[in-house]
Amino acid sequence: KIRMGRHPNKLPKVSYLSIGYNTAIAILLLILALYNWWEIEKTAQTLYERETLLAQQEAREAMTAAVNRIRLTEKTLANWDETRQQLMYKQYYPIWRDQRVRSAGLVPETIDDIALYDRNGRILAPSDNKEPMPNKMPRQGGGTLYVNEGGHIHMYSFFPIFAETGGGQLLGYGGLAF
């Protein structure tokens, strides 16, 4: 008897082997693509974290440098004899504020306005500037104040001015607007 059909020693058809081989390759490629995607996401997250840390560090350094420049400007103005004279002889204060301080090169261009205040925190003379300094210091003793006016943030820095460098009798206060 001759039996029809598959012979026990007969190999599978080439088309079946080709489909199996291609399926295995496709699965391997999919696994490789998923692994690469995972590695790229992990690298992107690491880069984002590093960039965030570096940006925070850069912002801290920039703020420290800005604060140091502000403190240096305050110290320079507070120790300048002409500043002390304005607190004692107020009649020339507007000329000093509007012309002399800037022409002397003591303040950077980033400062929008300058003011001097008496010992009680009242301004010596209001400015004609479009965004003038407050007429009264918000708190005695100096410090920094941030004011949000119509979505625009103003920074004011106030500092004491003494009759002598390093202390002594309080003559008044200085104020800077940024």
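Data block above holds the structure.
Residues numbered from 1 in each chain as written. Predicted model: local features only at pLDDT ≥ 70, side-chain atom pairs only at ≥ 80, totals over all residues. Heavy atoms only, no water.

Structural notes on helix 1 (residues 14-79)
Here comes step 1: In this model helix 1 runs 96 Å from its N-terminal to its C-terminal C-alpha over 66 residues, within 8% of the 98 Å that 1.5 Å per residue would give.
Here comes step 2: Every buried residue belonging to helix 1 is among Ile 70, Thr 73, Glu 74, Leu 77 and Ala 78, and all of these are buried.
Here comes step 3: On its buried face, helix 1 is in contact with helix 2 (81-88), helix 3 (93-103), strand 3 (152-164) and strand 4 (167-177). (Helix = DSSP H or I, 4+ residues; strand = E, 2+ residues; numbered from the N terminus. Expected span 1.5 Å × (residues − 1). Buried < 20%, exposed > 50% of the residue type's maximum accessible area, 1.4 Å probe, protein only. Contact = heavy atoms within 4.5 Å.)

Quick notes on the sheet that holds strand 4
Here comes step 1: Strands sit in the order 1-4-3-2 across an open sheet of four strands; the sheet is antiparallel. Looking at strand neighbours, the two that pair on one side only are strand 1 (113-117) and strand 2 (143-149), the edges of this open sheet. Ignoring strand direction, the axes of neighbouring strands in this sheet form an average angle of 25°.
Here comes step 2: Strand direction decides the pairing type here: strand 2 and strand 3, joined by seven bridges, are antiparallel. Paired with Gly 143 across the bridge in strand 3 is Phe 158.
Here comes step 3: Across the sheet, helix 2 is in contact with strand 1, strand 3 and strand 4; its angle to strand 3 comes to roughly 90°. (Pairing = 2+ DSSP bridges. Axes fitted to C-alpha atoms, helices over the stretch in contact; angles between N-to-C directions.)

Brief notes about the layout of surface pockets
Here comes step 1: Its volume calculated, the largest pocket comes out at about 280 Å³.
Here comes step 2: Surrounding the largest pocket, 14 residues form its lining, Ala 66, Val 67, Ile 70, Met 155 and Phe 178 being those nearest its centre.
Here comes step 3: Secondary structure elements with two or more residues in the lining of the largest pocket: helix 1 and strand 2.
Here comes step 4: For the lining of the largest pocket, the leading source of residues is helix 1, giving seven residues.
Here comes step 5: Its residues assigned to classes, the lining of the largest pocket comprises nine nonpolar, three polar and two charged. (1 Å grid on protein atoms, 1.4 Å probe; cavity = no way out; pocket = protein on both sides within 12 Å on 5 of 7 lines; lining within 4 Å. Points joined across faces, edges and corners; volume = space filled by probe spheres on them. Nonpolar A, V, L, I, M, F, W, Y, C, P; charged D, E, K, R; others polar.)

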